[in-house]
Amino acid sequence: MACRCCSEGRRHSSILYSILRSQEERAVPAAGPAPRGCPCGSRRRVALRSPQVACKAASAVLVKTLRFVQNVPCFQELPLDEQLLLVRSCWAPLLLLGLAQERVHLETVESAEPSMLQRILTARQHGERPPAPAPAPAAAPGRPHHGPHPPSAGDIQAIKGFLAKCWSLDISTKEYAYLKGTVLFNPDLPGLQCTQYIEGLQREAQQALNEHVRLIHRGDEARFAKLNVVLCLLRSINANVVAELFFRPIIGAVNMDDMLLEMLCAKL
């Protein structure tokens, strides 16, 4: 039996209307490009300077983001398991887009964890065998590992670089909404049943973004491509890093799947 969301009675502009309606217009000042750090320190461990402040801000943005998602009528038409699959896959990039839109700045400090070189030199000094570097586990950008993955300096720089890119483009509220729609409606996830419907929603979000850019930024023919670069930067950021950075310092080990299910089923 075909799901209710695949019926042909859906209004073609539903995603455009609902996305625009659920956002409030607000001017966002531009910011300069992110400073480049030394690549030698990309493996240093870092932590948030004020984890409680950052976690509180991230939690508020996550709640606001899920409220935005819940207010999209065409998302509500999906079965609950499809909704959960989409949200579990894209919560991290949606959160990062929300952090950029809310202009949440990250202040970090290096942790006291010794570097590999320091560990090798210390081991040799005590006549021990030098430690072998542990291989980094692979993970899809949208889904976190179950084990801890402390953020490195490179991880933080990737997030800061993404935020700086958004701020340098001075992305508008409408553009953020269309980018969120593109990220949310990902038809390539395994296990989806309404793939054609979801693919159509993603295509509508991209078309709406393109039309908006052509209307508002007529002198910047490359802006649409620049906004899509933002999406490419999002794909390079591991969701587990986002969870470890913003939630683990305050509430410990996080099962994001359980938390997202609880938040999605609640009336935010």
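Residues numbered from 1 in each chain as written. Predicted model: local features only at pLDDT ≥ 70, side-chain atom pairs only at ≥ 80, totals over all residues. Heavy atoms only, no water.

Student: For this particular structure, what's the right way to read the overall build of the protein chain?
Tutor: Of the regular secondary structure elements, the protein chain holds twelve helices and two strands. Reading the protein chain from its N terminus to its C terminus gives the helix and strand order α-β-α-α-α-β-α-α-α-α-α-α-α-α. Looking at the protein chain residue by residue over its 268 residues, the buried ones come to 40%. Within the protein chain, contacts between residues separated by at least 24 positions form 85% of all contacts whose residues are at least 6 apart in sequence. When the accessible surface of the protein chain is totalled, it reaches about 14900 Å², and 53% of it is carbon and sulfur. (Helix = DSSP H or I, 4+ residues; strand = E, 2+ residues; numbered from the N terminus. Buried < 20%, exposed > 50% of the residue type's maximum accessible area, 1.4 Å probe, protein only. Contact = heavy atoms within 4.5 Å. Areas by Shrake-Rupley, 256 points an atom, 1.4 Å probe, with all protein chains shown as cover.)

Student: Honestly, the pattern of salt bridges in this entry has me stumped. Any pointers?
Tutor: Between side chains of opposite charge, a pair can form when the charged atoms approach closely. Taken as a whole, this structure holds five salt bridges when the rule is applied. As a salt-bridge pair, Asp257 and Arg88 come within 3.7 Å of each other at their nearest N and O atoms. Placement of the pair is Asp257 in helix α12 (residues 256-265) and Arg88 in helix α4 (residues 80-101), with a sequence separation of 169 residues. Classification of Asp257 by relative accessible area gives buried; the value is 18%. The residue Arg248 makes a salt bridge to Glu244 at a minimum N-O spacing of 3.3 Å. With relative accessibility at 33%, the residue Arg248 sits in the partly exposed group. (Salt bridge = Lys/Arg side-chain N within 4 Å of Asp/Glu carboxyl O.)

Student: Hey, could you run me through the environment of Leu260 in this one?
Tutor: With respect to the helices and strands, the residue Leu260 is situated in helix α12. For the pair Leu260 and Val87, spaced 173 residues apart in the sequence, the C-alpha separation amounts to 7.5 Å. Once residues within four sequence positions are removed from consideration, Leu260 is found in contact with Leu66, Leu84, Val87, Arg88 and Trp91.

Student: Just checking my understanding: could you explain the packing of α4 against α12 for this structure?
Tutor: When two helices pack together, their arrangement is given by the angle between their axes and by how far apart the axes lie. One can describe the packing of α4 onto α12 by two numbers: an axis separation of 10 Å at closest approach and a directional angle of 125°. By the angle between their axes, α4 is oblique relative to α12. Crossing handedness for the pair α4 and α12: right-handed. Residue-level inspection shows Leu80, Gln83, Leu84, Val87, Arg88 and Trp91 of α4 in contact with α12, the latter providing Met256, Asp257, Leu260, Leu261, Leu264 and Cys265. Its residues placed into classes, the contact of α4 with α12 shows nine nonpolar, one polar and two charged. (Axes fitted to C-alpha atoms, helices over the stretch in contact; angles between N-to-C directions. Parallel < 35°, antiparallel > 145°, perpendicular 65-115°, else oblique. Left-handed = near helix turned anticlockwise from the far one by under 90°. Nonpolar A, V, L, I, M, F, W, Y, C, P; charged D, E, K, R; others polar.)

Student: Help me out: how do you make sense of helix α2 (residues 51-70) in this one?
Tutor: Working note: α-helix, 3.6 residues per turn, so residues spaced by three or four point in the same direction. For α2, with 20 residues, the first-to-last C-alpha span of 28 Å sits near the 28 Å given by 1.5 Å per residue. Of all the residues in α2, the buried ones are Ala54, Cys55, Ala58, Val61, Leu62, Thr65, Leu66, Phe68, Val69 and Gln70. (Expected span 1.5 Å × (residues − 1).)

Student: Looking at this structure, I do not really get the packing of aromatic side chains. What am I missing?
Tutor: The relative placement of two aromatic rings is captured by the distance of their centres and the angle of their planes. One pass over the full model with this rule turns up one aromatic pair. The ring of Trp167 carries the charged tip of Arg103 above its face, separated from the ring centre by 4.8 Å. The cationic tip of Lys180 hangs over the ring face of Phe68; the distance from NZ or CZ to the ring centre is 5.2 Å. (Phe/Tyr/Trp six-rings, centres within 6.5 Å; stacked < 30°, edge-to-face > 60°. Lys NZ or Arg CZ within 6 Å of the ring centre and 35° of its normal.)

Student: Just to check I follow, could you spell out the environment of Thr195 for this structure?
Tutor: Turning to its location among the elements, Thr195 is positioned in helix α8 (residues 195-216). Using a relative accessible area of 29% as the deciding quantity, one classes Thr195 as partly exposed. In this structure the C-alpha to C-alpha distance between Thr195 and Phe185, which are ten residues apart in sequence, comes to 9.3 Å.

Student: Before we go on, may I ask you to explain unusual backbone geometry in this structure?
Tutor: With the exception of glycine, most residues fall at negative phi, and the peptide bonds are largely trans. With phi around 55°, Arg103 is a residue other than glycine that occupies positive phi space. Classification of Arg103 by relative accessible area gives partly exposed; the value is 23%. For Asp170, which is not glycine, the phi dihedral falls at a positive 50°. Inspection of the secondary structure puts Asp170 in the loop between α6 (153-169) and α7 (173-184). Look at Asp170 and you get partly exposed, because its relative accessible area is 36%.

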